[in-house]
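Understanding the architecture of this molecule
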Amino acid sequence: MKPRATVPTAFTLIELLVVIAVMAILIFLLATPIADSKQKSRATVCINNLKQITLGIHLYLEDQLNNSPGNTNAARSPFLNWTEYRKLVGDYVGVKTAPSPNDRVFACPSDAFFYDMSGSRRGFVHEPFHNQTNQVFSSYAYNAGMVTTRPTTNSDGTITPGTTNFYGIAGMRLESIAHPARTVLIAEAPAYAPYSWHQPKKPFSEQNSKFNDSKNVVGFADGHVSYIKMYYEGKNFAWASNPPAKYEYQWTGD
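Below, the structure is looked at part by part. If you're wondering where the values come from, they're calculated on a predicted model, not measured in any experiment.

Section: the nonpolar core
Of all hydrophobic cores here, the largest spans 52 residues; its most connected members are I53, Y85, Y192 and Y195. Put simply, the parts of the chain that give this core at least two residues each are α1 (13-63), α2 (85-89), β1 (114-116), β3 (140-142), β6 (184-188), β7 (214-220) and β8 (225-230). Per-element tally for this core: the top contributor is α1, with 6 residues. Excluding residues within four positions of it along the chain, Y195 makes contact with F113, F114, Y115, M117, P190, N208, S209, F211, S214 and N216.

Written out as structure tokens, the structure reads:
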């Protein structure tokens, strides 16, 4: 007699659920390192961008006999607000054309959204900050502080800067900055709020447009660049005051 052939049986529902659960776990375990790797890669690009821009600012200032970008006595136009520097330093970072969203050195790859704090688009805006014409197509903002609004051109040709209550180094010569290794020269735009492009707080809402210890890439007056935590005291913008001493930066040059 021939042995009876064994008929394969189908998966039971429990076996199928176990397989699906195992696959889901494997996908999660694989996806998390990949996502982390992409985030780190984007942060690295931002660090390299700011290293180039920070060096470009220093080279520009050397050509201006070390005048601060915000010094109204500079031979060329001062940095009129926190992104106007972009028009002055392009040549120093190899960008010879007029500012545009295609200038990768001025665009952080994590820059995919921003918060409009006072304009007509109030709240979360799902567009890159560096795509905005009024930000001169840059993800990175100069620590202008007291010179952030549009200036007034006087009848004698001199410029009276617009002022705010924010801290900063506009009008200071770099050589006069007391703690250049701690003093912010330029940073990702969210650092001034602060929020983070690299580790955003969700859900995206106006309530989450500022939060303590948000991580941002910052370039300092001595030329080095770091990925650091920004302080938020719970009410004002980050650069309305210097942070507690345990933080690795300060806004003012004293």
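What follows continues from the structure just given.
Overview of a nonpolar patch on the surface
A cluster of nonpolar side chains, L13, L16, L17 and I20, forms an exposed patch at the surface whose accessible area comes to about 400 Å². Relative to the helices and strands, I20 resides in helix α1. By relative accessible area, which is 47% here, I20 ends up partly exposed.

Observations regarding the pairing of β7
Among the 7 residues that make up β7, 6 are buried, leaving the element largely enclosed by the rest of the structure. The pairing of β6 with β7 spans 3 bridges and is classified as antiparallel. When the sheet's bridge partners are listed, V184 is paired in β7 with F220. Relative to β8, β7 runs antiparallel, the two being bridged by 6 bridges. Within β8, the residue paired with G219 across the bridge is V225. What sits between the antiparallel neighbours β7 and β8 is a turn of 4 residues, in which G223 has the positive phi angle 105°.

Points about the pattern of salt bridges
Tallied over the entire structure, the rule returns 2 salt bridges. Residues D103 and R86 are paired through a salt bridge, measuring 2.6 Å at the closest nitrogen-oxygen approach. Linking D103 in the loop between α2 and β1 with R86 in helix α2, this pair joins segments that are 17 residues apart in sequence. This pair shows no difference in class: D103 is buried, exactly as R86 is.

Notes on the packing of aromatic side chains
Two aromatic rings are characterised by how far apart their centres lie and by the angle between their planes. Under the criterion given, the structure shown has 17 aromatic pairs. Between the aromatic rings of Y85 and F106, the centroid separation amounts to 6.3 Å while the plane-to-plane angle is 50°, which identifies the pairing as tilted. Taken together, the residues span a long stretch of sequence, with Y85 in helix α2 and F106 in the loop between α2 and β1 at a distance of 21 residues. On the basis of relative accessibility, which here comes to 0%, the residue F106 falls in the buried class. Plain terms: the ring middles of F113 and F204 are 4.9 Å apart, the flat faces sit at 55° to each other, and that makes the pair tilted. Placement of the pair is F113 in the loop between α2 and β1 and F204 in the loop between β6 and β7, with a sequence separation of 91 residues. Given a relative accessible area of 33%, F204 falls into the partly exposed group. Three or more aromatic residues link up through ring pairs in this structure, and these residues are Y192, Y231, W239, Y247, Y249 and W251.

Definitions and limits used
- Residues numbered from 1 in each chain as written.
- Predicted model: local features only at pLDDT ≥ 70, side-chain atom pairs only at ≥ 80, totals over all residues.
- Heavy atoms only, no water.
- Core = buried A, V, L, I, M, F, W, Y, C linked by side-chain atoms within 4.5 Å.
- Buried < 20%, exposed > 50% of the residue type's maximum accessible area, 1.4 Å probe, protein only.
- Helix = DSSP H or I, 4+ residues; strand = E, 2+ residues; numbered from the N terminus.
- Contact = heavy atoms within 4.5 Å.
- Patch = residues over 30% accessible without salt bridge, like charges linked within 9 Å, V, L, I, M, F, W, Y side chains within 5 Å.
- Areas by Shrake-Rupley, 256 points an atom, 1.4 Å probe, with all protein chains shown as cover.
- Salt bridge = Lys/Arg side-chain N within 4 Å of Asp/Glu carboxyl O.
- Pairing = 2+ DSSP bridges.
- Phe/Tyr/Trp six-rings, centres within 6.5 Å; stacked < 30°, edge-to-face > 60°.

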